[in-house]
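# Observations on the model geometry
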Amino acid sequence: MGLSALVTFSVACLAAVVRISIVLISGLFGEFKKGSRMSERMDSKIPMRALLAGARRKQPSLIAFTRQLVLAESPSDDKAAVDACLALAAARGSQLGARVKIHRNPNFGNALELRFGPRKSTPPAAKPILLLGHLDTVWPLGSLKSMPCRLSAGRLWGPGTLDMKAGVAMAFTAIEMLIEADLLRREIILLLNGDEEIGSTASRPITEALAKTCSAVYVLEPAQGLAYKTARKGIGNWRIDVKGIAAHAGVDFEKGANAIRELARVIETVSVWTNLSRGLTVSVGVAGGGTKTNVIPAHAWAEVEARIVRRADGPRFERKFAAIKPVDPRCTVTVAGGINRPPMERRPGTVRLFRTAQALARELGFTLNEASTGGGSDGNFTAALGIPTLDGMGAVGEGAHARHESVLVEHLAPRTALLAAMLASWPAHSSPQS
Ligand SMILES: [Zn+2]
């Protein structure tokens, strides 16, 4: 190739690169114009293929980081182990230039807050997006011995792969892609907690405070099958204690008040509050009582879980549980508990987020559906505050909390590309849930 030909060729290449960059940037951010509608965005030729190719290139490092997180076993009840896993995420965040803040928790795992992108967004009014995840798992230390982290049959296997270390690794990869393409125009907050699997008691106030400053919340929990989650049931827990009167079952039968029998009546009372067509379930999960077969039991107890679809059912259930009375007046019934995760109702702001994701997925070449689930997540808290919340944006796989827990590798790159596109394309002036 002669010098002039080389120059011409180089100029042509440069022009192509500039053109692609302009298309990339204007495509992804065309939607930030106030009032722009989906149809306008769809005309703006988002270079989803470039995003997908980028995600595919990064798939080996995404898997390597997931594996690193999985090898750092992190059961919720082991603070040191959870914190060690969070430290890996903090280091990865620092590599990507994050502003790192650790919310210390004396009893359970800390919460890690990573902020990426400019403190001042473009346009200036754009609020941050909150990415929510957790790094604790339900698996005790040593689970790796019988469930080794390995790639086979198109899956990445191991404790915590699906729920939800792969989802966390996807978030880092999506952010890295946006940084490298210079597409991070607004602040993204990645919050990873260490107590989700035991109810998020310590991290809930942090999650809620950050969510209130954000325009949308994306939750990195696993997909429901292949679907994103737009609704989740709320969860309540109650403990019921029955006190009766102990007596010799043979000598003084009539002097005894059988606490187990009374508890059985209570169990029957609460169980019939289940109403499947209204999405209400009540389940007595654990129960106990008594001491010996020849002693009329003076004490019996049960732990009950209820799930609700509608927010209004929460206070209703709380009133019903509080009003439980013994049939045998010699027994006393004590009830403690209440709703601890409000339902994530399917509301317009969330549906708008889902529709955007669905359109972007179509451009990536796959169909995205929405689903509701009986399971709870930290998305329940943010949705209840009225912040548009889209859930199930993490990995696709099977066996969360089960021995066959695994992630389907083929979905990692497309879902990561979709996550990146969603981080870049959610309208700046989103309206709150109505
Ligand atoms: Zn989870």
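Structure first, text after, so check above.
Described in the following lines is the structure provided in the data block. All figures in this text were calculated on a predicted structure; none of them were measured in a lab.

Reading guide: rules and limits
- Numbers given to residues run from 1 along each chain, matching the order in which its sequence is written.
- This being a predicted model, a pLDDT of at least 70 is required before a residue's local features are given, and a value of 80 or more before pairs of side-chain atoms are given or counted; all residues contribute to the totals for chains, interfaces and linings.
- Side-chain metrics rest on all non-hydrogen atoms present in the structure, leaving aside hydrogens and water.
- Donor atoms are limited to N, O and S found within 2.8 Å of the metal ion, a distance that becomes 3.2 Å for Na, K and Ca. With water left out, some sites might look partial.
- Note on geometry labels: four donors, all angles 85 to 135 degrees, give tetrahedral; four donors become square planar and six octahedral when opposite donors are over 155 degrees apart and every other angle is between 65 and 115; remaining cases are irregular.
- We count a stretch as a helix when DSSP gives it H or I for four or more residues in a row; a strand needs E for two or more, and each element gets its number in order from the N terminus.
- Note on exposure labels: buried denotes an accessible area under 20% of the residue type's maximum, exposed denotes more than 50%, and partly exposed covers the range between, all computed with a 1.4 Å probe on protein chains only.
- Buriedness of a pocket was judged along seven lines, with at least five required to meet protein on both sides within 12 Å; pockets are open sets of points on a 1 Å grid over the protein atoms alone, cavities are sets where a 1.4 Å probe fits but cannot get out, and lining residues have an atom within 4 Å of a point.
- Grid points are joined across faces, edges and corners, and a volume is the space filled by probe spheres set on the points.
- Throughout, the ten residues Ala, Val, Leu, Ile, Met, Phe, Trp, Tyr, Cys and Pro are labelled nonpolar, Asp, Glu, Lys and Arg are labelled charged, and all others, Gly among them, are labelled polar.
- For the purposes of this section, nonpolar cores are sets of buried Ala, Val, Leu, Ile, Met, Phe, Trp, Tyr and Cys residues that join through side-chain atoms within 4.5 Å.
- Contact between two residues is taken to exist if any of their heavy atoms lie within 4.5 Å; hydrogens are not considered.
- Any two strands between which DSSP finds at least two bridges are classified as paired.
- What counts as an axis is a line fitted to C-alpha atoms, over the stretch in contact for a helix, and the angles between N-to-C directions run from 0 to 180 degrees.
- In what follows, salt bridge is the name for a side-chain nitrogen of Lys or Arg lying within 4 Å of a carboxyl oxygen of Asp or Glu.
- Oblique is the label for any angle not covered by the other classes, which are roughly parallel (under 35 degrees), roughly antiparallel (over 145) and roughly perpendicular (65 to 115).
- Polar contact is the term for a pair of N or O atoms within 3.5 Å; when the atoms are in protein, one must be able to donate a hydrogen and the other to accept it, and sequence-neighboring residues count only if both atoms are side-chain atoms.
- In this scheme, a helix's expected span is set at 1.5 Å multiplied by one less than its residue total.
- By definition, a residue's bend is the angle between the axes fitted to the seven residues ending there and the seven starting there.
- Aromatic pairs are defined between Phe, Tyr and Trp rings, using the six-membered ring for Trp, whenever the two ring centres lie within 6.5 Å; interplanar angles under 30 degrees are classed as stacked, those over 60 as edge-to-face, and all others as tilted.

## A closer look at the coordination of the zinc ion
Surrounding the zinc ion are the protein donor atoms H134 (NE2), D163 (OD), E221 (OE) and E221 (OE), at 1.8 to 2.6 Å. Viewed at the metal, the four donor atoms of the zinc ion are separated by angles of 52 to 147 degrees, and the geometry they form is irregular. Taken in chain order, the donor set of the zinc ion reads H-x28-D-x57-E. Here E221 lies in the loop between strand 7 (216-219) and strand 8 (228-232) and H134 lies in strand 3 (residues 129-134), a separation of 87 residues in the sequence. Looking at H134, the relative accessible area reads 0%, which means it is buried.

## Quick word on the layout of surface pockets
Taken as a whole, the largest pocket spans an internal volume of roughly 470 Å³. Every residue lining the largest pocket is counted, 28 residues in all, and those nearest its centre are E196, E197, G375, G376 and H401. Here the lining of the largest pocket is composed, by residue class, of seven nonpolar, 12 polar and nine charged.

## Section: the nonpolar core
In this structure, L131, F172 and Y218 are the most contacted members of the largest nonpolar core, which totals 70 residues. Of all the elements, helix 6 (residues 161-180) adds the most residues to this core, at 12 residues. In contact with L131, not counting residues within four places along its chain, are A171, I175, I188, I189, L190, L191, Y218, L220, L419 and L423. In this structure, W238, A259, V304 and I324 belong to the second largest nonpolar core, which totals 21 residues.

## Thoughts on the sheet that holds strand 17 (residues 397-398)
An order of 4-5-18-17 is seen for the four strands of this open sheet, with the pairing classed as antiparallel. Pairing within the sheet leaves two strands with one partner each, and these edge strands are strand 4 (150-152) and strand 17.

## Considering the sheet that holds strand 1 (residues 99-103)
The strands that make up a sheet are held in pairs by hydrogen bonds between backbone atoms, and each pair lies either parallel or antiparallel. Taking strand neighbours across the sheet as the criterion, the six strands line up as 1-2-6-3-7-16 in an open arrangement whose pairing is mixed. The open sheet has two edge strands with one neighbour each: strand 1 and strand 16 (389-390). Summarising the sheet, strand 3 and strand 6 (residues 188-194) pair through six bridges and their orientation is parallel. Paired with L131 across the two strands is L190, which belongs to strand 6. Across the sheet, helix 4 (residues 79-95) is in contact with strand 1, strand 2 (109-116) and strand 6; its angle to strand 2 comes to roughly 10 degrees.

## Comments concerning the pattern of salt bridges
The final tally for this structure, using the stated rule, is 23 salt bridges. Between E208 and R204 there is a salt bridge, with the nearest N and O atoms lying 2.9 Å from each other. One end of the pair, E208, and the other, R204, are both in helix 7 (residues 204-211), four residues apart, so they sit about a helical turn from each other. Assessed through its relative accessible area of 18%, E208 is described here as buried. Of the residues examined, R204 reaches a relative accessible area of 28% and is grouped as partly exposed.

## Observations concerning the packing of helix 4 against helix 6
Two numbers describe how helix 4 lies on helix 6: the axes approach to 11 Å, and their chain directions differ by 10 degrees. Accordingly, the angle class assigned to the pair helix 4 and helix 6 is roughly parallel. Mapping the contact onto sequence places C85, A89, R92 and G93 in helix 4 and K165, F172 and E176 in helix 6. Here the residues of the contact of helix 4 with helix 6 are counted per class, giving three nonpolar, one polar and three charged.

## Quick notes on the side chain of T389
Along the polypeptide, T389 turns up in strand 16. Using a relative accessible area of 0% as the deciding quantity, one classes T389 as buried. Of the polar contacts made by the side chain of T389, one reaches the backbone oxygen of I387; its length is 2.7 Å.

## Concerning helix 3 (residues 48-71)
The end-to-end C-alpha distance of helix 3, which contains 24 residues, comes to 33 Å, matching closely the 34 Å that a straight helix rising 1.5 Å per residue would cover. The axis of helix 3 is deflected most strongly, by about 50 degrees, at Q59, and proline P60 appears within four residues downstream.

## Here's the deal with the packing of aromatic side chains
Overall, the coordinates contain six aromatic pairs when judged by the stated rule. Judged by centre distance (6.5 Å) and plane angle (85 degrees), the ring pair of F116 and F172 falls under edge-to-face. Here the residue F116 occupies a position in strand 2, and F172 occupies one in helix 6, the gap between them amounting to 56 residues. By relative accessible area, F172 is classed as buried at 0%. Between W238 and F321 the ring centres are 3.9 Å apart and the planes differ by 5 degrees, which places this aromatic pair in the stacked class. Of this pair, W238 sits in strand 9 (residues 234-243) while F321 sits in helix 9 (residues 313-322), and the two are 83 residues apart along the sequence.

## With respect to the environment of I188
Mapping I188 onto the fold places it in strand 6. As a C-alpha pair, I188 and I175 span 13 residues in sequence and 8.5 Å in three-dimensional space. Look past the residues within four positions of I188 in its chain and what remains in contact with it is L114, R115, F116, I129, L131, I175, L178 and L423.

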